[in-house]
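Summary of the model geometry
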Amino acid sequence: MILARWSQDRLVRRVSALMDGPPPEGLRAAIIETSEGLTPRALGPGLRPYRDELILIFARQLADANRRLSSSHWASGSGSNVGHDVLRARHGALETLRRVAALRPPPRDPLGALLTALEDLMTAHRQAWGDDDGYGIATLGEIRRDVERLIAAGRRA
């Protein structure tokens, strides 16, 4: 138990250090939850080097969804909380990430492959029903933007 807590604290510090400023409320729990699904093994050799950055990208969306779900202020015109739209979009993007990570042979440019797959997901999302207020597509857009930034940062390094 103590070792697990120490490992979680170390992960949270590492991931939080990627941000400008202190992490917002709820991000610690979101980082831990996200990391459980984005294990080094699940990411495979191509995406493993970007694990901390990918955890942060998806943890931000989870923290945002949880924040919205905790307040009735975020109810849409239909009466449902838009946090559900954020969660659905995040889940779709996570499944897309997992599919890219599972490709055999692995893509030469795994982040580029992820970006292309996210763009395909966004096209499908726009054509589907159920995101009347646009929070789901906005979530996917934020994830795509963050992956683009990660690619750009890799080119500069």
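Residues numbered from 1 in each chain as written. Predicted model: local features only at pLDDT ≥ 70, side-chain atom pairs only at ≥ 80, totals over all residues. Heavy atoms only, no water.

Looking now at the layout of surface pockets. Of the voids in this model, the largest pocket is the one considered here, and its volume is about 230 Å³. Every residue lining the largest pocket is listed: Leu18, Met19, Asp20, Glu53, Leu56, Ile57, Arg60, Asp146, Arg149 and Leu150. Here the lining of the largest pocket takes four residues from helix H4 (residues 51-69), the largest share from any one element. In terms of residue class, the lining of the largest pocket is built from five nonpolar, no polar and five charged. (1 Å grid on protein atoms, 1.4 Å probe; cavity = no way out; pocket = protein on both sides within 12 Å on 5 of 7 lines; lining within 4 Å. Points joined across faces, edges and corners; volume = space filled by probe spheres on them. Helix = DSSP H or I, 4+ residues; strand = E, 2+ residues; numbered from the N terminus. Nonpolar A, V, L, I, M, F, W, Y, C, P; charged D, E, K, R; others polar.)

In regions of low pLDDT, the predicted coordinates are not meant to be interpreted in detail. Chain-level statistics for the protein chain give a pLDDT mean of 92 and a share of 95% at 70 or above. Least confident of the elements in the protein chain is helix H1 (residues 2-16), whose mean pLDDT is 87; most confident is helix H6 (residues 110-127), at 97. (pLDDT = per-residue confidence, 0-100.)

Turning our attention to the packing of H4 against helix H5 (residues 83-102). Between H4 and H5, the least distance of the axes is 8 Å, while the angle of their chain directions is 160 degrees. Our classification of the angle between H4 and H5 gives roughly antiparallel. For the pair H4 and H5, the crossing hand works out as left-handed. Contacts between H4 and H5 involve Leu54, Phe58, Gln61, Leu62, Asp64, Ala65, Arg68 and Leu69 from the former and Gly83, His84, Val86, Leu87, Arg90, Ala93, Leu94 and Leu97 from the latter. (Axes fitted to C-alpha atoms, helices over the stretch in contact; angles between N-to-C directions. Parallel < 35°, antiparallel > 145°, perpendicular 65-115°, else oblique. Left-handed = near helix turned anticlockwise from the far one by under 90°. Contact = heavy atoms within 4.5 Å.)

What follows is about empty space enclosed by the protein. In the structure shown here, the tally under the stated rule is one cavity of 30 Å³ or more. Of the voids in this model, the largest cavity is the one considered here, and its volume is about 60 Å³. The wall of the largest cavity is formed by Leu43, Gly44, Pro45, Gly46, Leu47, Val100, Ala101, Arg104, Pro106, Pro107 and Pro110. Only helix H3 (40-47) and H5 provide two or more residues apiece to the lining of the largest cavity. With five residues, the top contributor of residues to the lining of the largest cavity is H3. Classifying every residue of the lining of the largest cavity gives eight nonpolar, two polar and one charged.

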